[in-house]
Amino acid sequence: QVQLVESGGGLAQPGGSLRLSCEASGSIFNIYAMRWYRQAPEKQRELVAAISLGSTTNYADSVKGRFTISRDNAKKTVYLQMNSLKPEDTAIYYCNADIRPTFSIRSADYWGQGTQVTVSS
């Protein structure tokens, strides 16, 4: 069994910062790309940031220069540092990763349960 558990969401003021974490656990052979998505009310889920196994990153245009994705492979954890937050960043943030479990020869797509981020004064 493989799980992704997010933490670090909450309420922030406009211009403030939050740091999200997502830890993978379970029977893991390897973790490849890791990503953060978000879904605002009545909107489609969108990719916010992604990081490859080799730490190549890419970002949605809306968060470039404000958000930073990073990973600690030893801790099986991906982070999203969010600075200069705006009300339009309000959403549920989901962690996603391509993981090869120990019990499979193939990787699969895994999702966390989501963490709420609210930006409001």
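Caption draft 1: Just the pairing of strand β7 (residues 67-72), in detail. Burial of β7 is one-sided: the residues F67, I69 and R71 facing one way are buried, the residues T68, S70 and D72 facing the other way are not. Summarising the sheet, β7 and strand β8 (residues 77-82) pair through six bridges and their orientation is antiparallel. Residue pairing across strands places D72 opposite T77, the latter belonging to β8. Between the antiparallel neighbours β7 and β8 lie four residues, among them K76 with a positive phi of about 55 degrees.

Caption draft 2: Focus on the pairing of strand β1 (residues 2-7). Because side chains alternate across β1, one face comprises the buried residues V2, L4 and E6, and the other comprises Q3, V5 and S7, none of which is buried. For β1 and strand β3 (residues 18-26), the ladder comprises six bridges, and the chain directions are antiparallel. Its bridge partner being in β3, S7 is matched across the sheet by S21.

Caption draft 3: Region of interest: the sheet that holds β7. With antiparallel pairing, four strands are arranged side by side in an open sheet as β1-β3-β8-β7. Single-partner strands in this sheet number two, and they are β1 and β7. Neighbour-to-neighbour, the strand axes of this sheet turn through a mean angle of 15 degrees, independent of strand direction. One ladder, built from six bridges, connects β3 with β8; its direction is antiparallel. The partner of L20 across the bridge, within β8, is L80.

Caption draft 4: Seen up close, unusual backbone geometry. Located in the positive-phi region is E42, a residue other than glycine, with phi close to 65 degrees. Here E42 is to be found in the loop between β4 (28-39) and β5 (46-51). Residue classification places E42 among the exposed positions, given a relative accessible area of 87%. A positive phi is found at K76, a non-glycine position, where the angle reads about 55 degrees. Along the chain, the position of K76 falls in the loop between β7 and β8. K76 sits in the partly exposed class, given a relative accessible area of 32%.

Criteria and cut-off values
- Residues numbered from 1 in each chain as written.
- Predicted model: local features only at pLDDT ≥ 70, side-chain atom pairs only at ≥ 80, totals over all residues.
- Heavy atoms only, no water.
- Buried < 20%, exposed > 50% of the residue type's maximum accessible area, 1.4 Å probe, protein only.
- Helix = DSSP H or I, 4+ residues; strand = E, 2+ residues; numbered from the N terminus.
- Pairing = 2+ DSSP bridges.
- Axes fitted to C-alpha atoms, helices over the stretch in contact; angles between N-to-C directions.

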